[in-house]
Amino acid sequence: MMDRLLEVKDLKTYFMIGKGTIKAVDGVTFSLDRNETLAIVGESGSGKSVSALSIMGLIKPPGKIVSGEIWFNGRNLLDMPEKDMRKIRGNRISMVYQEPMTSLNPAIPVGEQIREAIVIHTSASKMASKERAIQLMKDVNIPEARIRYKDLPGKFSGGMRQRIMIAMALACYPDILIADEPTTALDVTIQAQIMKLLRTMKKGLNMSMILITHDLGIVAENADRVIVMYCGKVMEEAKVEDLFRNPKHPYTVGLMKSIPSIDTKVAKLYSIPGYIPHPSQFPRRCRFSNRCSKAKDICSSKQPDLIEVKEGHKVRCWLYM
Amino acid sequence: MNKIIEVKDLVKYFEISPAHSINKNYVKAVDGVSFDIFEGETLGLVGESGCGKSTIGRLILGLTKPTSGEIFLEGRNINSISKKELRKIRKDIQVVFQNPYSALDPKMTIEDILSEPLSIHKIVYKYDYSKEVKRLLELVGISSKDAKKFPHEFSGGQRQRICIARAIATRPKFIICDEPVSALDVSVQSQILNLLDDLQKELNVSYLFIAHSLNVIRHVSNRVAVMYLGKIVEMGTTEEIYNNPLHPYTKALFLSAPVLNPWSNKDREILSGEIPSPIFPPKGCSFHPRCKYATGICSEKKPFLQTIDGSHKISCHLYDISDKTKEVLT
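Every chain's residues receive numbers from 1 upward, in the order its sequence appears when written. Each chain takes a letter, starting from A, and each ligand takes a number, starting from 1, following the order in which they are written. For this predicted model, a pLDDT threshold of at least 70 governs which residues receive local features, and a threshold of 80 or more governs which side-chain atom pairs are given and counted, while totals over whole chains, interfaces and linings are taken from all residues. Water and hydrogen atoms play no part in the side-chain values, which are based on all heavy atoms of the structure.

Caption draft 1: Looking closely at the nonpolar core. Formed by 63 residues in total, the largest nonpolar core has its most connected members in Val140, Ile164, Ile175, Phe209, Val226 and Tyr249 of chain B. Setting aside chain neighbours within four positions, we find Ile175 of chain B in contact with Gln94, Val95, Val96, Ala167, Ile168, Val205, Ser206, Tyr207 and Leu208 of chain B. Among the nonpolar cores identified, the runner-up in size contains 37 residues, and Val140, Ala167, Met168 and Met195 of chain A belong to it. Buried residues of nine kinds, namely Ala, Val, Leu, Ile, Met, Phe, Trp, Tyr and Cys, make up a nonpolar core once their side-chain atoms join them within 4.5 Å. Exposure categories follow from relative accessible area, calculated using a 1.4 Å probe and restricted to protein chains: below 20% of the type maximum is buried, above 50% is exposed, and the middle band is partly exposed. Contacts are residue-level and defined by heavy atoms, with any inter-residue pair within 4.5 Å sufficient.

Okay, structure coming up:
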């Protein structure tokens, strides 16, 4: 048994909009071990980003964490006063967002923005924190870090800004780094550089990582374990090798089949029929039942549970009951 | 096969210097690009952001005027014909954009959106509009009952289907697909790719398919052109490019794409550096600062696109047979 670092239990995050309730995250349970990379994959509306924001304690009204527990270092983050949560957020658990273009303050030099994270969470002096910030910029491979410390974000390219974001997130050597689509806005060659940087930093700092993405290629190359989400629920959970060797849930199988291959050309692509339902119109029972090619009668009448079919491999599907 | 589109030495510079300044700076968005597209064929245009792939689309559509170079539609130069003539041939060239959320007027019903091109280009009689709209909707897999709905009532994938219906409404010979699936989820992406493929077979239309994702380009294209900083660096049939990429940039691009395989070598070599500024592109070959094979000549002389084998063309000094022989001779 590995060292368990984070445990999310039956998390429900709902958004109360108008008359309706949007169940963005609806009973999600997962855990993260030390030094592990857990990938959360899913399409838009699957609740992957809302799960991450819930861990960070960044859900704002009309959103609300309705129930569940998030255990970190023996404490439930959801019971914690905001004052304590601030000591964890950006310090022990930090996050890198998708949009490097909008996540930085355009009017503050990048070095100062990195330094801010250090000053807030440590008692380092001005000089020491500046040196730390410069060292961090060097660590994430920003050339001429000392000179560029004073530059505004506008002078950096998208890839470089994402490096700054990573430096900022790593400023306090966090235990957990949550990377929410860290390379989606970047070009392929830059994406490869950033993912490599994340892998090296994770190893160097003995971190755990939650990697949120929609790209199964990134999952295959970076994750140890994967959870597949669809419409606010975990559909499948497995070690990355198991998931790619033997995907079980019809949604996972369909997703993998519908990606065009770079090596071979097929006459016709497989495609999952229908569309992702709007969050206010999720099917009442199995949420994939209206698009599933293997749906049976029971699928549209009863919600399946997440069942362990093999060690470490869990599926939420009536086919495996 | 009929040549539908012919692009010859197309150049587009955008001036970015402040007004009245003496030293003028230009973004060299497209810098001497030539290609042909034949009837019923798909040419895939792949490259990273800022390489000029979308500008080429806009130039062919006539949304911006080229700095120099020529574009022919079935042999007619679209830059030198009168406005009236241009209006007429516009119906032969249509476009599908990346973002189906901003490409449809939120205040118009689907029927209005699809009737507009029909009336502008007088495709069918007015009393046949609703019949034609129904036919178009069914062609792209949307229920004709939804014709009176507004765009916001549809999901992203459905909206992209409507955009496609609008593009085929004028019965074009040629459609520019500018990143048509990159804003869509994976499970919807394959539906749209299949739809575009079916329509091509049914309507015998040619596509210029602009995308940055290599697997999508492989799936849709008959031929592929790889662009870097405003220039085509390699071009050939899909098999030639994917089975035997020759240009160091193409090779690096393929190596950067994540593989759907957890057992693959994760620490393979990746391309270092970033795309240089298109305002001051590097001297000589614009890829040489990032190229591990770069030699002296690469930073001095611009390579040009030359045929290597069959239809496989490449712009790289490594394959400069003539220059090598010259060196040997001198």
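Caption draft 2: Highlighting empty space enclosed by the protein. Residues and elements named next belong to chain A. For cavity detection a 1 Å grid was placed over the protein atoms alone, and a set of points counts as a cavity when a 1.4 Å probe fits there but cannot get out; an open set counts as a pocket when protein lies on both sides within 12 Å along at least five of seven lines, with lining residues being those that have an atom within 4 Å of a point. Grid points are joined across faces, edges and corners, and a volume is the space filled by probe spheres set on the points. This model, assessed by the stated rule, comprises four cavities of 30 Å³ or more. There is about 100 Å³ of room inside the largest cavity. For the lining of the largest cavity, the element with the most residues is helix H7 (residues 188–205), which contributes five residues. Secondary structure elements follow DSSP: runs of H or I no shorter than four residues count as helices, runs of E no shorter than two count as strands, and numbering proceeds from the N terminus.

Caption draft 3: Representation of the sheet that holds strand E5 (residues 76–77) of chain B in the model. Residue and element names in this part refer to chain B. The sheet built from four strands is open, its strands ordered E2-E1-E4-E5 with antiparallel pairing. Each edge of the open sheet carries a strand with a single partner, namely strand E2 (26–38) and E5. Two strands form a pair only when DSSP identifies at least two bridges running between them. Note that strand E1 (residues 3–15) and E2 share ten bridges and pair antiparallel. Following the sheet pairing, Leu10 is matched in E2 by Val33. Taken strand by strand, helix H1 (residues 53–61) contacts E1, E2 and strand E4 (68–73), and its axis lies near 65 degrees from that of E2. For every element, the axis is a line fit to its C-alpha atoms; helices are fit only across the contacting stretch, and the angle between N-to-C directions ranges from 0 to 180 degrees.

Caption draft 4: Inspection of the sheet that holds strand E10 (residues 231–237) of chain B at higher detail. Residue and element names in this part refer to chain B. Spatially, E6-E7-E8-E3-E9-E10-E12-E11 is the arrangement adopted by the eight strands of the open sheet, whose pairing is mixed. Of all the strands in the sheet, the pair left with one neighbour each is strand E6 (93–96) and strand E11 (306–309). Sheet twist, expressed as the mean angle between neighbouring strand axes with direction ignored, is 20 degrees. Relative to strand E12 (residues 312–314), E10 is paired through two bridges, and the arrangement is antiparallel. Each residue of the ladder has a partner; that of Glu234, found in E12, is Ile314. Where H1 meets the sheet, it contacts strand E3 (42–46), E6, strand E7 (174–178), strand E8 (206–211) and strand E9 (223–228), and its direction lies at approximately 150 degrees from that of E8.

Caption draft 5: Fine view of the interface of chain B and chain A. In this assembly, 46 residues from chain B lie in contact with 46 residues from chain A. The term buried area means the drop in 1.4 Å probe accessible area that two parts suffer when joined, counted for both and summed. Of the roughly 3,900 Å² buried between chain B and chain A on both sides combined, carbon and sulfur atoms contribute 55%. Salt bridges, as used here, are contacts in which a Lys or Arg side-chain nitrogen is within 4 Å of a carboxyl oxygen on Asp or Glu. Linking chain B with chain A are one salt bridge, by the criterion used here. We define a polar contact as two N or O atoms separated by no more than 3.5 Å, with the added condition that, inside protein, one atom must be a possible hydrogen donor and the other a possible acceptor, whereas residues neighbouring each other in sequence contribute only through side-chain atom pairs. Put simply, chain B and chain A have 20 residue pairs in polar contact (both at pLDDT 80 or more) between them. Among the elements of the structure, helix H5 (156–168), helix H6 (186–203), helix H7 (214–220) and helix H9 (248–256) of chain B are those that each provide at least two residues to the side of chain B that touches chain A. Side-chain classes are defined by residue name, with Ala, Val, Leu, Ile, Met, Phe, Trp, Tyr, Cys and Pro counting as nonpolar, Asp, Glu, Lys and Arg as charged, and the others, Gly among them, as polar. In terms of residue class, the side of chain B that touches chain A is made up of 17 nonpolar, 18 polar and eleven charged.

Caption draft 6: Layout of the environment of Ile60 of chain B. Residues and elements named next belong to chain B. Tracing the sequence through the fold places Ile60 in helix H1. Expressed as a C-alpha distance, the spacing of Ile60 and Gln94, which sit 34 residues apart in the sequence, is 9.9 Å. For Ile60, the contacting residues outside a window of four places in its chain are Ile5, Val7, Phe35, Ile71, Ile78, Ile93, Phe174, Ile176 and Leu208.

Caption draft 7: View of the packing of aromatic side chains. All names here are of chain A. Stacked, tilted and edge-to-face pairs are distinguished by plane angle, under 30 degrees for stacked and over 60 for edge-to-face with tilted covering the rest, among Phe, Tyr and Trp rings (Trp via its six-membered ring) whose centres lie within 6.5 Å. On inspection of all chains with the given rule, the structure shows nine aromatic pairs over all chains. A ring pair is formed by Tyr230 and Tyr251, whose centres lie 4.5 Å apart and whose planes are at 50 degrees; its orientation type is tilted. Of this pair, Tyr230 sits in strand E9 (residues 225–230) while Tyr251 sits in helix H10 (residues 250–257); the two residues are 21 residues apart in sequence, bridging distant segments of the chain. Taking relative accessible area as the criterion, Tyr230 reaches 1% and is therefore assigned buried.

Caption draft 8: Broad picture of helix H3 (residues 110–121) of chain A. Taken as a whole, H3 of chain A has its buried residues at Val110, Gly111, Gln113, Ile114, Arg115, Ala117 and Ile118 of chain A. Residues of H3 of chain A that are buried in the fold lie against helix H4 (126–139), helix H5 (145–148) and helix H6 (158–169) of chain A.

Caption draft 9: Just the pattern of salt bridges, in detail. All names here are of chain B. A full pass over the atoms with the stated rule returns 33 salt bridges over all chains. A salt bridge links Asp36 to Lys3, with the nearest nitrogen and oxygen atoms 3.7 Å apart. Note that Asp36 is positioned in strand E2 and Lys3 in strand E1, a separation of 33 residues in sequence. For Glu179, the salt bridge is made with Lys53, and the minimal N-O distance between the two is 3.9 Å. Placement of the pair is Glu179 in the loop between E7 and H6 and Lys53 in helix H1, with a sequence separation of 126 residues. Because the salt bridges share partners, they merge into one network encompassing Lys3, Glu6, Lys8 and Asp36.

Caption draft 10: Structural view of the side chain of Lys12 of chain B. Counting through the fold element by element, Lys12 of chain B comes out in strand E1. Within the structure, Lys12 of chain B has its side chain in polar contact with the backbone oxygen of Lys65 of chain B (distance 2.6 Å).

Caption draft 11: Representation of H5 of chain B in the model. All names here are of chain B. Here a helix's expected span is defined as the number of its residues, less one, multiplied by 1.5 Å. Along its 13 residues, H5 runs 19 Å from first to last C-alpha, staying within 8% of the 18 Å computed at 1.5 Å per residue. For H5, a buried count of twelve out of 13 residues is recorded, marking the element as mostly surrounded by other parts of the structure. The complete set of buried residues in H5 reads Gly156, Gly157, Gln158, Arg159, Gln160, Arg161, Ile162, Cys163, Ile164, Ala165, Ala167 and Ile168. Where H5 is buried, its residues touch E6, helix H3 (110–120), helix H4 (129–139), E7 and H6.

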